[in-house]
Amino acid sequence: MKAIEVKGVTKRYKDVLALDSVSFSFEFGKIYGLLGRNGAGKSTLINIIANRVFADKGEVFIDEIPAGENMAVHDKIFCMSETDLYDRDLKAAEHFKWTNRFYKDFDLDKALILSKKYGLDINKRFRALSKGYQSIFKLIIALSLPVPYIIFDEPVLGLDANHRELFYSLLLNEFESGERTFIIATHLIEEVSNIVEDVVLIDNGKIILKDSVENLLEKGYSVSGAASEVESYCAGRNVIGCDELGGLKIAYIMDEKAAPPKESNLEISALNLQKLFVKMTEKGALK
Amino acid sequence: MNVSSSTEKPIFIQIAEQLEDKIFTGVFPEETQIPSMNEISAQLTVNPHTVLKGMNILTDEQIIYKKRGLGMFVSSGAVEKIRRKRQSRFYKQYVAALIEEAKKLKMTKEDIVLLIERGYRNESD
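Residues numbered from 1 in each chain as written. Chains lettered and ligands numbered in written order. Predicted model: local features only at pLDDT ≥ 70, side-chain atom pairs only at ≥ 80, totals over all residues. Heavy atoms only, no water.

Novice: So what exactly am I meant to see when it comes to the interface of chain A and chain B here?
Specialist: On the chain B side, the residues contacting the 20 residues of chain A number 15 residues. It is Leu172(A), Asn194(A) and Glu214(A) that lose the most area in chain A upon contact with chain B, and together they represent 37% of the buried surface on that side. The interface formed by chain A and chain B contains 1 salt bridge. Where Lys53(B) meets Glu214(A), a salt bridge forms, and the shortest distance between an N and an O atom there is 2.5 Å. At the surface where chain A touches chain B, the tally comes to 4 residue pairs in polar contact (both at pLDDT 80 or more). (Contact = heavy atoms within 4.5 Å. Buried area = accessible area lost by both parts, 1.4 Å probe. Salt bridge = Lys/Arg side-chain N within 4 Å of Asp/Glu carboxyl O. Polar contact = N/O pair within 3.5 Å; in protein donor to acceptor, adjacent residues only side chain to side chain.)

Here you go:
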């Protein structure tokens, strides 16, 4: 099977259970959103997949190859981290040269073409690049590696709107269907909601949801109106959260959409991905 | 083109409707090429699979077709096809909705007829 398979992965840091026997898979050829609150376990999961941290229990397979301590997966996966691991005094062009040494399939021509296209001055030292261009630089390295799986950990943190737009359009331009898998871990849910096809939601070290964005948007909705009417509508449905505004009650529901009774004044509205996730992970925060 | 994720309508339907509208208004004339999946995807920052799904609706309705190795083209007769489709939807989309709202506002049939006549008079002014 062409996929990243995570099987029963557990990771504990002292008294914090960061990942609790997590099993799921990222299929090949899709753009995934890996979402979760701060401290949910996103980065731990990414670091285990990218073989930067060891799992206490469980294993990760990439295209059926065990990923732990295995050089064979080096050609399969690349992780663009939020933290900068690049020597700040080297010029972008020199970084390209070194990457070319370490990854035999690094496409230097492509890196140069992309740099030109996106206005990255490769003769500038890493430290002299703006925060936006540092990210564009890291993205260009990631995209110039012909690996099937690329993980982006908070790729647009600190970028202004123009650079974020540039980032997403570059990403989509490079996503040729069926040839690559992108996994984007981010807090900016609304921004990626049209870009990602499937989402994996992690909360308190557990995967609490894995579904297509389309399904989620179809099933997630809110119903608002007089509290008593809303409550009787909600009976028997999967309610993920509620808000109250005086006599008005808003219930957030994840279920097959059903029209309210004809006589009622209930209003049904769509729920965006962000609201859906905030509601789904709110309970976890109370524990 | 422009998509919004805050409406009830799925993104792929929004894309299909907007492409259809561009064809209907002649922005993309019959027998000319429309933008590719990748172009639309990058322009709207929308997943290419979603764009494809939208385009497939128009392909199924034979409003656009694929020219092997070249891309997607507007079918001849597409505009007429869209016009017929929209005419058949007119009652449900506009008339039924109009009557429903009118009833809520306690407006009579005569009120509505007068308004429609006024609308046509204004247009001819």
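Novice: How should I be thinking about the domain arrangement of chain B in this particular structure?
Specialist: The extent of an interface is frequently quoted as the accessible surface area lost upon association of the parts. Residues and elements named next belong to chain B. Here chain B is described as being made up of domain 1 (11–76) and domain 2 (79–124). On a C-alpha basis, the centroid separation for the pair domain 1 and domain 2 is 30 Å. In this complex, domain 1 contributes 8 residues to the contact, which on the side of domain 2 involves 7 residues. Across the domain 1/domain 2 interface, buried area totals approximately 800 Å², and carbon plus sulfur atoms make up 50% of it. For domain 1, the biggest contributors to the area lost against domain 2 are Glu20, Phe24 and Glu30; these three give 61% of the whole. Our enumeration of links across domain 1 and domain 2 arrives at 4 salt bridges. (Domains from an automatic or database assignment.)

Novice: Which parts of the structure should I look at to understand the layout of surface pockets?
Specialist: In this approach a probe as big as a water molecule rolls over the atoms, and the regions it shows empty are the leftover space. Residue and element names in this part refer to chain A. For the largest pocket, the calculated volume is near 600 Å³. What lines the largest pocket is a set of 24 residues, and nearest its centre among them are Arg52, His74, Phe78, Cys79 and Tyr103. Where the lining of the largest pocket is concerned, the elements lending two or more residues are β6 (77–80), α2 (92–102) and α4 (131–143). Of the residues contributing to the lining of the largest pocket, the split by class is 14 nonpolar, 7 polar and 3 charged. (1 Å grid on protein atoms, 1.4 Å probe; cavity = no way out; pocket = protein on both sides within 12 Å on 5 of 7 lines; lining within 4 Å. Points joined across faces, edges and corners; volume = space filled by probe spheres on them. Helix = DSSP H or I, 4+ residues; strand = E, 2+ residues; numbered from the N terminus. Nonpolar A, V, L, I, M, F, W, Y, C, P; charged D, E, K, R; others polar.)

Novice: Just to check I follow, could you spell out the sheet that holds strand β9 (residues 198–203) of chain A for this structure?
Specialist: The strands making up a sheet are joined through hydrogen bonds of the backbone, oriented either antiparallel or parallel. All names here are of chain A. Judged by pairing direction, the sheet is mixed, and its 6 strands sit side by side in the order β6-β7-β8-β3-β9-β10 without closing on themselves. For this open sheet the edge positions go to β6 and β10 (206–212), each flanked by a neighbour on one side alone. Across the sheet, the mean angle separating the axes of adjacent strands is 15° when strand polarity is ignored. As paired elements, strand β3 (residues 31–36) and β9 share 5 bridges and run parallel to each other. Within the sheet, the bridge partner assigned to Leu34 lies in β9 and is Val200. (Pairing = 2+ DSSP bridges. Axes fitted to C-alpha atoms, helices over the stretch in contact; angles between N-to-C directions.)

Novice: Even after reading the chapter, I still don't get α4(A), so can you show me in this structure?
Specialist: It helps to recall that an α-helix has 3.6 residues per turn; residues three or four apart then point in one direction. Residue and element names in this part refer to chain A. When the terminal C-alpha atoms of α4 are compared, their 18 Å separation across 13 residues agrees well with the 18 Å that a helix rising 1.5 Å per residue should span. Most of α4 sits out of view: 12 of its 13 residues are buried. Regarding α4, the residues found buried are Gly132, Tyr133, Gln134, Ser135, Ile136, Phe137, Lys138, Leu139, Ile140, Ile141, Ala142 and Leu143. The elements touched by buried residues of α4 are β6, α2, α3 (108–117), β7 (149–153), α5 (161–174) and β8 (181–185). (Expected span 1.5 Å × (residues − 1). Buried < 20%, exposed > 50% of the residue type's maximum accessible area, 1.4 Å probe, protein only.)

Novice: Honestly, the domain arrangement of chain A in this entry has me stumped. Any pointers?
Specialist: Residues and elements named next belong to chain A. By domain assignment, chain A separates into domain 1 (3–204) and domain 2 (216–286). Across the contact, 9 residues belong to domain 1 and 9 residues belong to domain 2. Buried surface at the junction of domain 1 and domain 2, summed over both partners, amounts to about 870 Å²; 71% is from carbon and sulfur atoms. There are 2 residue pairs in polar contact (both at pLDDT 80 or more) connecting domain 1 and domain 2. Of all the elements in the fold, those that place two or more residues in the side of domain 1 that touches domain 2 are α6 (189–192) and β9. A total of 3 residues in the side of domain 1 that touches domain 2 trace back to one element, the largest contributor, which is β9. Tallied by class, residues from the side of domain 1 that touches domain 2 come to 4 nonpolar, 2 polar and 3 charged.

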